[in-house]
Amino acid sequence: MTRDMYMTMMSGLVATIKEMALVGGQDDRVRELVDIVDDLQEFWNGDEEFTRFDYSISAKAAARL
């Protein structure tokens, strides 16, 4: 995985969470996506090799959790 691919993937997931939260509120699917972002953040960027930006915080903010 490259830095650009990682950032594109995570940005897309956060945008999806934001759209789903606007349309459907805080249902289980939105929470599952937030958990997926947390897992991906830890797996791909646990050592902050790609970026220091924490997409987990953005995902939770987008989902309004």
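Described below are features of the structure shown in this document. Keep in mind the model is a prediction, meaning the values are calculated, not measured. (Residues numbered from 1 in each chain as written. Predicted model: local features only at pLDDT ≥ 70, side-chain atom pairs only at ≥ 80, totals over all residues. Heavy atoms only, no water.)

The subject of this paragraph is the overall build of the chain. A tally of regular secondary structure across the chain gives three helices and zero strands. Starting at the N terminus, the α and β elements of the chain follow one another as α-α-α. Projected onto its principal axes, the C-alpha positions of the chain cover 35 × 15 × 15 Å. Across the 65 residues that make up the chain, the buried fraction comes to 32%. Long-range contacts, defined as pairs at least 24 residues apart, comprise 65% of the intrachain contacts of the chain with a sequence gap of at least 6. Roughly 4,300 Å² of accessible area belongs to the chain as shown, and the carbon and sulfur atoms make up 54% of that amount. In the chain, the 7 positive side-chain charges and the 13 negative ones have mean positions that sit 8 Å from each other. (Helix = DSSP H or I, 4+ residues; strand = E, 2+ residues; numbered from the N terminus. Buried < 20%, exposed > 50% of the residue type's maximum accessible area, 1.4 Å probe, protein only. Contact = heavy atoms within 4.5 Å. Areas by Shrake-Rupley, 256 points an atom, 1.4 Å probe, with all protein chains shown as cover. Lys, Arg positive; Asp, Glu negative; His and termini not counted. Charge placed at Lys NZ, Arg CZ, Asp CG, Glu CD.)

Our next topic: unusual backbone geometry. A positive phi angle is found at Glu48, which is not glycine, with a value near 55°. Among the secondary structure elements, Glu48 is positioned in the loop between α2 (28-45) and α3 (55-63). Looking at Glu48, the relative accessible area reads 39%, which means it is partly exposed.

Bringing the packing of aromatic side chains into the picture now. Considering all chains together, one arrives at four aromatic pairs under this definition. Seen in terms of ring centroids, Tyr6 and Tyr55 are 5.9 Å apart; in terms of plane orientation they differ by 80°. Their pairing is edge-to-face. With a gap of 49 residues between them, Tyr6 in helix α1 (residues 3-24) and Tyr55 in helix α3 connect regions that are remote in the sequence. Tyr55 gets classed as buried once you look at its relative accessible area, which sits at 5%. When the ring of Phe53 is compared with that of Tyr55, the centres are 4.8 Å apart and the planes differ by 75°; the resulting orientation is edge-to-face. (Phe/Tyr/Trp six-rings, centres within 6.5 Å; stacked < 30°, edge-to-face > 60°.)

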